[in-house]
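Coordinates in review
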Amino acid sequence: QVQLVESGGGLVQAGDSLKLSCAASGRTFSSYVMAWFRQAPGKEREFVAGITWSGGRTNYADSGKGRFTISRDNTKNTVYLQLNSLKPEDTAVYYCAVDSRTYYINRIYDASSRYDYWGQGTQVTVSS
């Protein structure tokens, strides 16, 4: 059974940092693009960051550029999202996802419909 399990969320103050982790089990995803999305109450799920299979290329939404860093450790089948200088508008449930159509392809898509494996999400709440 394939599972993506996010962790690391929590309640923090504006300006603080968090590091989210997403551990995969049941299948190795080291050959695919992985990404982070987020969804705030009443809003659509939006792309946050993506990373190619080797980690050699990353892509960020404008909202996170310069503050967020995505990385991966293929030996641990895990992807990370470092969140720095958090703002109240970063409050959302953060999800990791895998695009299984990117087998050794260095192309990061930001549409959630591309991604076919999802975790259950981890809540990030930033107070002002």
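Since the model is a prediction, treat every value here as computed from it, not as a measurement.

**Here's the deal with the packing of aromatic side chains**
Tallied over the full model, the rule gives ten aromatic pairs. Between Tyr103 and Tyr104, the aromatic rings sit 4.6 Å apart at their centres with planes inclined by 65°, giving edge-to-face as the arrangement. Where Tyr115 meets Trp118, the ring centres are 6.4 Å apart and the plane angle is 65°; that geometry is what we call edge-to-face. Residue Tyr115 is classed as buried on the basis of its relative accessible area of 4%. Put simply, the rings of Phe29, Tyr32, Trp53, Tyr103, Tyr104 and Tyr117 touch in pairs and so form one group of aromatic residues. Over the ring of Trp118 we find Arg45, and its NZ or CZ is 4.7 Å from the ring centre.

**Examining the state of the cysteines**
Summed over all chains, the structure comprises one disulfide. Residue Cys22 pairs covalently with Cys96 via a disulfide, S to S 1.9 Å. Of note, the bridge from Cys22 to Cys96 carries an S-S torsion of about 45° and is right-handed in sense. With a gap of 74 residues between them, Cys22 in strand E3 (residues 18–25) and Cys96 in strand E9 (residues 92–99) connect regions that are remote in the sequence. Note on Cys22: relative accessible area 0%, which makes it buried.

**Things to note about the pattern of salt bridges**
In total, this model carries five salt bridges according to the counting rule given. The partner of Glu46 in a salt bridge is Arg38, with the nearest N and O atoms 2.6 Å apart. A relative accessible area of 6% means that Arg38 is categorised as buried. Between Asp90 and Arg38 there is a salt bridge, and its shortest N-O distance comes to 2.9 Å. Of this pair, Asp90 sits in the loop between strand E8 (78–83) and E9 while Arg38 is found in strand E4 (residues 33–39), placing the two residues 52 residues apart along the sequence. Each member of the pair, Asp90 as well as Arg38, is classed as buried. When salt bridges with common partners are traced through the structure, they connect Arg38, Glu46, Arg67 and Asp90 into a single cluster.

**Examining the sheet that holds E8**
Ordered by their spatial adjacency, four strands build an open sheet running E1-E3-E8-E7, and the pairing between neighbours is antiparallel. Each edge of the open sheet is held by one strand with a lone partner, namely strand E1 (3–7) and strand E7 (68–73). Taking the axes of each pair of neighbouring strands and ignoring which way they run, one obtains an average angle of 15° across the sheet. Both E3 and E8 contribute to a ladder of six bridges, which runs antiparallel. Within E8, the residue paired with Leu20 across the bridge is Leu81.

Here is what the cut-offs are and how they apply
Residues numbered from 1 in each chain as written. Predicted model: local features only at pLDDT ≥ 70, side-chain atom pairs only at ≥ 80, totals over all residues. Heavy atoms only, no water. Phe/Tyr/Trp six-rings, centres within 6.5 Å; stacked < 30°, edge-to-face > 60°. Buried < 20%, exposed > 50% of the residue type's maximum accessible area, 1.4 Å probe, protein only. Lys NZ or Arg CZ within 6 Å of the ring centre and 35° of its normal. Disulfide = S-S within 2.5 Å. Helix = DSSP H or I, 4+ residues; strand = E, 2+ residues; numbered from the N terminus. Salt bridge = Lys/Arg side-chain N within 4 Å of Asp/Glu carboxyl O. Pairing = 2+ DSSP bridges. Axes fitted to C-alpha atoms, helices over the stretch in contact; angles between N-to-C directions.

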